Structures are given as structure tokens and as C-alpha cells.
Amino acid sequence: MSDCASTMTDRNHNRYDSSNLNCIRLTDLTLQEAIDILECDDADDVQGIFIEPPAPNIDTDEDSGDEDGGGYVDNLTGRQLTSQVEVVTNSRNDTSVLDNTFEDLSSSTVVKNSKKLKKEDWKDEDLPQKDVFFPEPNYVPYRDKSPVELFEMFFDDEIIKLFIDESLKYALFKNCKDPKITSKELKVFLAILFLSGYNQLPSKRSYWDEKKDMRNEIVVDSMRRDRFLEICRFLHCQDNNNINRNDKMWKLRPLMNLLQKKCIAHFQPEENLSFDESMVAYFGKHSCKQFIRGKPIRFGYKVWCLNTVSGYLINFEIYQGKNPFGNEVYEKEFGKCAAPLLKMIDEIPDDKKNLHFKFYCDNLFTSVKLMVHLKERGYDVTGTLRENRVPKECGLTHSKSLKKKERGFYEKRSTQSVGMIVRWVDNSVVTVGSTCYGVEPLIHTQRYCKAAKGRVRVQQPNAIKQYNKFMGGTDRMDENLSYYRIGVRSKKWYWPLLTWMMDVVMHNSWVLARKSGCSISQLDFRREIVNCYLTKFGNPRAGIGRPSISKFGDNNCRVSNDIRLDDSGHLARDCNRRRCAGECKGTVRSECIKCDVGLCLKCFVPFHSK
């Protein structure tokens, strides 16, 4: 039932705001107990069930299975049935029915919602425009740096040492010999991973294929195939003897902490920042895997991201339900979706935190409580609002009624302590709350009209215009990453997240290059780093390898029978020392021009004959 469980987990998007609903929360329940509640006849007032990802399976070095299935509705695991849930029900004066319903659930406790926001005097007035000075970002320190220098500001010697040390510990943990990974080999390994993003082949072994249609010479001359696979096998960034059972992302935590610090350190403050979720594709088995219907990536890990408008990733956190490093006060007051935003704001350095940032987020995160809190801290926020998060005393017409109005119609309400809420009729009814933007100045945008059979001008409030302009930072990062995402795959559960972080480092480096005045494209930026690493740190093969086994016919050579037996153009010429592809398998100094294999004079004719 992983499909169902993931969908129910994603329902935390519809988290109820305590300022609008009189409800009670039942916590410390398991999923099995929540299912029993749903099956009761008297439990009609249940409004929602929020499920945390189940406890992690500590045996995480096993392969997760093929990545081509999953998501069936009828196979809940034991860990999912015992995971923690929260049941939200309507509160009422007569609670006897609820008492009877939950009397057998000894582990449950009733927790009232946090206190309501004080009632505001909402007026049909526009929000006055305010101008706050914000300094221009300074990208001068990055102006004269090469792509390799920019990349190594994030992926520096500290991270390389972490990989080398932890890979050694993992090899010893598996009772294997020391892989003796060097920093140069690791840089070549990274370069091959990045190369697989824009030069994709069916498998990682294909780059060392003997046939010219797939063989990549620069990869072959920089690292041996078996060495690459060995590094893939032992690559680690956490000690398996040091497990944090409360952290489902313990295997990646040291690398995540280092990259978060480096991304924040090289963040040049910009006024407009967007907070949104990003999906990392994964189809294996893991308790943190999510399913979100209607997303471009439906199955995978969900990552909370704080980005600039250009897509630079400032900070991130992988969603895992109960986060051992989260802020419980924020989670209780604003929910598990908005709490990471406030935690990321706290992690901004003090010299940057005091600036007047403007945050943009969608209806998964925005609430009146969040708007008031950020405004009190000296920040502004603009975001779409869900119907059940709009205060009833606001007096706005319900969205269902506004659908009958003509396109471009809007209503507005404002108050001094919250800001403005504007409801606008477009293809659908859109509700936006803002602490800094009002309706004026109204602009006109183009929309297609069926009746007119063409585009018409539709008026649009300023708050909605600004939201559309600055909200897409995370989406822009996702789009840039999708162009040249690392193509080497693995069955390890942490591999998609590991390669995602590597791609993010490359992307942030490229954004800094563009912001500093360099007009290089992302592809050229990646190629510059790949070619530099493979050429500078590559280790060409020392000598002749073993002859390959042909997959065509019964002959033990790497030439297909269609070429070997066509009786055309097979001529001998001198060459450097090669192994004979005939029966003698000796070392020869002659080869066939057409077959491109070493052949002695004795084996030349038999090789080209049946």
C-alpha cells in the first residue's frame, strides 16, 4: 500500500490552520490505530490524517531492487503500520462520541491547537507601497575565477578527504582490502559522472566498450573500467559504525552539512528569495520516498529548497517526517512544511540575516500566521493562500461564487498587522496574500479567450504580478538540473540524493559564473571542468589488456562475423605490439586494417575464413 501511504503522507499539504478551524489533534497514534478510527461508525468528524515516514531500515547498504516498479496499493509493511500519525477532527461541545471512539486507544492523547490569532479589522483598502533599500549583490570576487576554481569553492579538499576517509572505513567494514582512493582518482571519478550527464550511454560500462559506436576515448584513457566500478562500490560519506537511528538521512548527513555551509557562505544576498519543494526521482524502497500525483517527478525524495530568482540554491533539507534536527516550536506553530523555511532563515549568517528579504512561497506553505511572524521579524512574504487558510472575518467572497465573474475581476482586503489578501479571477480563482504588495499599480496581461478566438487584455493586481515574477527560483534550478543530470545509476537508496547534490554544486558554480559577468553556457561550463579533470588527473592504461569475447558467432574475437567474413578490404599492415586475435594469442606487430585487430601471418587467413 505504498501508493496509498505516500499519498496520505502528501496530504500534509492540506494542513488545517488553527486560526480558521475549531479542531482537536490526536497524536501519538500509529497508522494501524488510525485505520481503526476510520473504520468506526462514529468517526465522521475526522478531517485528516497526517502520516510520518516510518522508522528507517538501518541495513541500508543492501541494494534497493530494480528501479522499474513499486507503488502498489495493497502491501503495507510492518514499519508503515507502526509509524506515527496525527488525526485532526472537528471539535464540538459533546465529546462523548469521540471518547467512546478512542477509549481503547490508550496511547493517544488529545492536544489542543495553538492559540488563535487575534481578530483583525479587515478593510477594503489597498496596501500602501513601501520602498525599502536593499544593497546590490556583490559578485566581483568571482569575476576572474575559472570554472574549475568556482567548482572547487564548493567541492573542495575537505569534501574530497571526507569521501576518501569514509570509503576506507566502509571497505574495512565490509572486510575488503583498502581501495586506496586518491584525490586525483576521485576527481576523475567525478568528471566521468558529470560527463554522463551530457554524453549518455545505456550503462556505465558502455564508456569502456570495445566498439567505436559507444567507446569514449577520453574516459578510457583516464581511468580503467574496473577501477571506476570499485570506487562506485566503496564511495561513502558516513561511517557505518556511527549510526543515528533517529535520522533517516544519516548516511548523507556529513556531506549535507558541509554543502549547506558552503552554499550559504557563497550566497550573495538578493532581495527576492523563493521557497519551494523539489523532487529527486527514486523508485526503490525507502521510508522517505514520496508520491505526489500530478508532479513531473511523482516518485522520489522531497527536498525543501530556498533559492534565489536565478536558481542559486541557498539551503536545503530532505524531508523525512520527524526531523531530529528540526525546530519543534516552528513545526508545532506553522506545520512541518513551513517550519524548514524559518529554520533556513535562522541559519543565514548574521551579517546577511538583518537585510530586508522578500520571500515567495506557494499555498503549501503560506498562512496568515506565517505572514504575521515574518513581518514581525522584519521580512516580507508573498504567496498563494488556500481557501481554508483565509480568515472568515476577512469578508472575501468564496472562490466558488467568484468563478461566475468575468476574468480580471478581483476583491481585496487589508489590515495593518497582516498585510493584504487579494482574490483574482483568471482561468481559476487565485488568492494571494502579501505583506508588501497591494493591488496598485494594476497591469494588463494577455489571456486567450474562446469567445473572442484570440488573446484579450485582462487586468491583474500588482501582488499577483510580483508573485509570478519572483516565485520560480526552485523551478528554474530543477529545469537547469534536468538538462545534464548525472546519468550513472545505482541501486543504493542514497545514490540519487548523492548525485543530486553533486549536480547542485555544479549548478551553483555556474550561476556564480553567470552572475559575475561570464556568458558561458551550462554545457560549456561542465565540459570545461570535465576535460580539465580527465586530462590533468587521468591515468592512461599501461599496456595491452585481455582480448574481448565476441557476442557474435562462436569465434573468440571482438569482430562480428558480418565484417570478419565479408572477403573485402582485409589487408595487413605494421603496428605497435598487439595481442593476436587468432588462435595463437601471441604478441604480434601486424594487424588487419578493416577489422582493427592484431593478427600474425599464420592466423590471418584462418581468421577471415569460416
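Reading guide: rules and limits
Residues numbered from 1 in each chain as written. Predicted model: local features only at pLDDT ≥ 70, side-chain atom pairs only at ≥ 80, totals over all residues. Heavy atoms only, no water. Salt bridge = Lys/Arg side-chain N within 4 Å of Asp/Glu carboxyl O. Helix = DSSP H or I, 4+ residues; strand = E, 2+ residues; numbered from the N terminus. Buried < 20%, exposed > 50% of the residue type's maximum accessible area, 1.4 Å probe, protein only. Pairing = 2+ DSSP bridges. Core = buried A, V, L, I, M, F, W, Y, C linked by side-chain atoms within 4.5 Å. Contact = heavy atoms within 4.5 Å.

(A) Main features of the pattern of salt bridges. Under the counting rule described, the total for this entry stands at 27 salt bridges. Between Asp124 and Arg413 there is a salt bridge, and its shortest N-O distance comes to 3.8 Å. Within this pair, whereas Asp124 is found in the loop between strand 4 (109-112) and helix 5 (147-154), its partner Arg413 is found in strand 11 (residues 410-415), the two being separated by 289 residues in sequence. Judged by relative accessible area, Arg413 falls into the buried class, the value being 18%. Residue Arg423 pairs with Glu387 through a salt bridge whose shortest N-O separation is 3.5 Å. Residue Arg423 is found in strand 12 (residues 419-425), and its partner Glu387 is found in the loop between strand 10 (380-384) and helix 14 (399-402); the two are separated by 36 residues along the sequence.

(B) Focus on unusual backbone geometry. That bond from Glu440 to Pro441 is cis: its omega, 0°, falls within 30 degrees of zero. For Pro441, the position within the fold is in the loop between strand 13 (429-434) and strand 14 (443-449).

(C) Representation of the pairing of strand 8 (residues 313-318) within the structure. Strand 8 sits mainly inside the fold: six of its six residues count as buried. Both strand 7 (residues 299-308) and strand 8 contribute to a ladder of five bridges, which runs antiparallel. Within strand 8, the residue paired with Trp304 across the bridge is Glu317. From the end of strand 7 to the start of strand 8, which pair antiparallel, there are four residues, and Gly311 there has a positive phi angle of about 105°.

(D) A look at the nonpolar core. Core analysis: the largest hydrophobic core is formed by 113 residues, its most contacted members being Phe163, Phe228, Trp500 and Met502. By residue number, the principal contributor to this core is helix 17 (residues 495-515), which donates 13 residues. Excluding anything up to four places from it in sequence, Phe163 contacts Phe155, Leu186, Leu235, His236, Cys237, Leu255, Leu498 and Met502. Counting residues in hydrophobic clusters, the runner-up holds 15 residues, among them Tyr437, Val458, Ala463 and Tyr467.

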